[in-house]
Amino acid sequence: MNKKLKLLIIDDEASIRKVLEHFLNKEFEVTAKNDGMEGMSWLEAGNDTDFIIADLNMPNLNGKEFTKVIRASNLYADLPIIILSGTDESKERIECLNIGADDFMLKPFNPMEVHAKIKAILRRVKPKSIVDSY
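First things first, this report covers the structure right here in the doc. Being a predicted model, the structure only gives us computed values, none of them experimental.

Observations concerning the overall build of the protein chain
The number of helices and strands found in the protein chain is six helices and five strands. The helix and strand sequence of the protein chain, counted from the amino end, reads β-α-β-α-β-α-β-α-β-α-α. Computed over C-alpha atoms, the radius of gyration of the protein chain comes to 14 Å, within 12% of the 14 Å expected from 2.2 N^0.38 for 134 residues, which places it in the range of a compact globule. Taken over the C-alpha atoms alone, the protein chain extends approximately 40 × 30 × 25 Å along its principal axes. Buried residues in the protein chain amount to 46% of all 134 residues. Summarising the internal contacts of the protein chain: among those between residues at least 6 apart in sequence, 58% fall at separations of at least 24. Element-wise, carbon and sulfur atoms account for 50% of the exposed surface of the protein chain, whose accessible area totals about 7100 Å².

So this is what it looks like as structure tokens:
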């Protein structure tokens, strides 16, 4: 019995959430939230996740602020995070990576590339048995 890894998607654009949910729910148990504040509330309510994909520019708690909060937390500091952005500014990418994002991807993106990056990051951070199970 293979247990699906849990994936939290945080993006204020419904179309992005739907594309990622549709493409990734075959291999992952996907939860989607509208902004960083909703994502944090969901985690703080006791829900757990194995991976986070967060938009850079969102209302309430943007991707950078969300990443800083996650990295400062004892409970969530090790969660892998990919930041999605419509901004192709090197400064933004560098800042996101420096504050703790594991990767940075531009919108629009190929969902197959998102999937490949998730798997690559999980190979580095999760025990082999967990990665091989999906």
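With respect to the sheet that holds strand β5 (residues 103-106)
Strand order across the open sheet formed by five strands is β2-β1-β3-β4-β5, with parallel pairing between neighbours. In the strand order of this sheet, the two ends are held by β2 (28-33) and β5, each with one partner. For this sheet, the mean angle separating the axes of adjacent strands, direction not counted, is 20 degrees. Inspection of the sheet shows strand β4 (residues 81-85) paired to β5 by four bridges, in the parallel sense. Along β5, the bridge assignment pairs S85 with L106. On top of the sheet, helix α1 (residues 14-24) reaches β1 (5-10), β2, β3 (51-55) and β4; it is set at about 170 degrees to β2, its chief contact.

Describing the packing of helix α3 (residues 63-72) against helix α4 (residues 90-99)
Running from N to C, α3 and α4 cross one another at 15 degrees; their axes reach a closest spacing of 9 Å. The angle between the axes of α3 and α4 places the two elements in the roughly parallel class. You can see that α3 and α4 cross each other, and the crossing is left-handed. On the side of α3, the interface is formed by K64, T67, K68 and R71, while α4 contributes E92, E95, C96 and I99. Each residue belonging to the contact of α3 with α4 can be placed in one class, and the counts come to two nonpolar, one polar and five charged.

Looking at the pairing of β3
Among the five residues of β3, five are classified as buried, and the element is accordingly described as predominantly covered. Neither face of β3 is left uncovered, since the one carrying F51, I53 and D55 and the one carrying I52 and A54 both have all their residues buried. Where β1 meets β3, four bridges bridge the pair, whose relative direction is parallel. Looking at the pairing, I9 lines up with I53 of β3. By the bridge criterion, four bridges tie β3 to β4 in an arrangement that is parallel. Bridged to D55 within β4 is L84.

Cut-offs applied
Throughout, a residue's number is its position along its own chain's written sequence, starting from 1. Given that the model is predicted, a residue must reach a pLDDT of at least 70 before its local features are reported, and side-chain atom pairs must reach 80 or more before they are shown or counted; all residues, however, enter totals for whole chains, interfaces and linings. Calculation of side-chain values draws on the structure's entire complement of heavy atoms; hydrogens and water are dropped beforehand. Helix and strand labels come from DSSP, where a helix needs a run of H or I of at least four residues and a strand needs a run of E of at least two; each type is numbered from the N terminus. Atoms counted for the radius of gyration: C-alpha only. Globule rule: 2.2 Å times residue count to the power 0.38. For every residue, the accessible area (1.4 Å probe, protein chains only) is compared with the maximum for its type, and the residue is labelled buried under 20%, exposed over 50%, or partly exposed between those bounds. When checking whether two residues touch, look at their non-hydrogen atoms; a contact exists if any pair is within 4.5 Å. Only the protein chains shown count as cover for residues, and the accessible areas themselves come from Shrake-Rupley with a 1.4 Å probe. A pair of strands counts as paired when DSSP detects no fewer than two bridges linking them. To obtain each axis, a line is fitted to C-alpha atoms, and for helices this fit is confined to the stretch in contact; angles are then taken between N-to-C directions over 0 to 180 degrees. Each angle gets one of four labels, with under 35 degrees taken as roughly parallel, over 145 as roughly antiparallel, 65 to 115 as roughly perpendicular, and the rest as oblique. The sense of a crossing depends on the near helix, which, turned anticlockwise from the far helix by less than a right angle, makes the crossing left-handed and, turned clockwise, makes it right-handed. Each residue gets one of three labels, nonpolar for Ala, Val, Leu, Ile, Met, Phe, Trp, Tyr, Cys and Pro, charged for Asp, Glu, Lys and Arg, and polar for the others, Gly among them.

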